[in-house]
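Per-entry structural report
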Amino acid sequence: MSDTHSDVRVRAAEGSYDVVVVGGGAAGLSAALVLARACRRVAVVDAGQPRNAPAAHMRGFLSRDGTAPAVLLAAGRAELRGYGVDLLDGRVDRIVPVPDAGAPAFDVQLAGGQALRARRVVVATGLRDGLPDPPGLAARWGRDVLHCPYCHGYEVRDRPLGVLGTAPGAVGQVLLLRQWSADVVLLAHTLDLSADDRARLGARGVRVVEGEVVRMVVVDDRLRGVELVDGSAVPREALFLFPHLVPRDAPLFGLDCDRDAQGWVCTDRAGRTSVPGVWAVGNVADPRAQVITAAGAGAAAAFALNHDLVDEDTERALAAVTAPLTTAVPTAAPAR
């Protein structure tokens, strides 16, 4: 049985959640599963924008290799319903600390005005891939315009491959792809290559094609190559590139979490941010995380987070036991 928005509002009005998970991808669902099995009261809020939605198959996930991303998420949501987790479709606009709560507590504010009270928050909102401009490229993203050789290289092995030079990392990417195909070219595009870069590429048998790429060449819904600014075409069956990785971290704005030099939120190995009670896992904190890595990070965060709640529960229980002793009225002194 699926949850409705009214069901969640009723339960939220009855009391705080132990944890609200923001984001329903592999990291968020995995965290929610562990916490639900620890008998915590959990809600998951998901905007329905998974990064890997354009991909037909998920790769490198032990026992789930080749599974469609949507199938994995649907299975995870069904498992969570079995443990009583509240699943809410929506977007979180802000996470607001509750003042003078005596312990970490937050109002998780959704677009539309609804707010969920939580003792802890896990942000697992992922990232988005910013793509370059050549016409036709975005329409092929996740199909035959790709990013990760470990995710997609095997499926295009031994084919004519290209790497689009949009960032310095393209040189390392093309050298890596040489593992999967002997026919790999670097399309220089807007990239300024050093003499050392060219020497390394030449040593590995990688040809450099000069000239800016102006469009994808697609025939019968399959990439056949790219067209250069001079009108010439370079036949290729798959194109790799480095997208501009942008964390979907808007819910963290206003919390003053520590960030690194590139602007990504800083966490420890368990996903703790610098703000007590707020955790960040998956691609929102680690742009290199694959699906299986993100799922593991979500589970690890949940273990540590539950121990954090146990410590808080213990302190509250101890305070309740000792309070009568410290507030008892002193016995009157005997009359003289």
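Described in the following lines is the structure provided in the data block. Because the structure is predicted, anything quoted here is derived from the model rather than measured.

1. Some words on the overall build of the protein chain
A count of helices and strands for the protein chain gives eight helices and 17 strands. Scaling as 2.2 N^0.38, a compact globule of 336 residues should have a C-alpha radius of gyration of about 20 Å, whereas the protein chain reaches 25 Å, well beyond that. Taken over the C-alpha atoms alone, the protein chain extends approximately 110 × 45 × 35 Å along its principal axes. Out of the 336 residues belonging to the protein chain, those deemed buried represent 43%. Within the protein chain, contacts between residues separated by at least 24 positions form 58% of all contacts whose residues are at least 6 apart in sequence.

2. Looking at the state of the cysteines
In the structure shown here, the tally under the stated rule is zero disulfides. Here Cys148 is not disulfide-linked; the sulfur of Cys151 is the nearest cysteine sulfur, at 3.3 Å.

3. A closer look at helix H2 (residues 26-37)
Compared with the 16 Å implied by 1.5 Å per residue over twelve residues, the 17 Å span of H2 between its first and last C-alpha is a close match. Across the twelve residues of H2, ten count as buried, placing the element largely inside the fold. Looking at H2, one finds that the buried residues are Ala26, Ala27, Gly28, Leu29, Ser30, Ala31, Ala32, Val34, Leu35 and Ala36. Note on H2: the residue one or two positions beyond its end, Cys39, has a positive phi of about 65 degrees.

Cut-off values and rules
All residue numbers here refer to positions counted from 1 along the written sequence of the relevant chain. Whole-chain, interface and lining totals are the exception, using all residues; otherwise, since this is a predicted model, local features are given only for residues with pLDDT of at least 70 and side-chain atom pairs are given and counted only at 80 or more. Note: side-chain values were computed over all heavy atoms of the structure, leaving out hydrogens and water. Secondary structure counts use DSSP, requiring at least four H or I residues in a row for a helix and at least two E residues in a row for a strand, with both numbered from the N terminus. Note on method: radius of gyration uses C-alpha positions; expected globular size equals 2.2 Å times residues raised to 0.38. A 1.4 Å probe rolled over the protein chains alone gives each residue an accessible area, and that area as a share of the maximum for its type sets the label: buried under 20%, exposed over 50%, partly exposed in between. Whether two residues are in contact is decided by their heavy atoms: any pair within 4.5 Å suffices. Pairs of cysteine sulfur atoms within 2.5 Å are what we label disulfides. To estimate how far a helix should reach, multiply one less than its number of residues by 1.5 Å.

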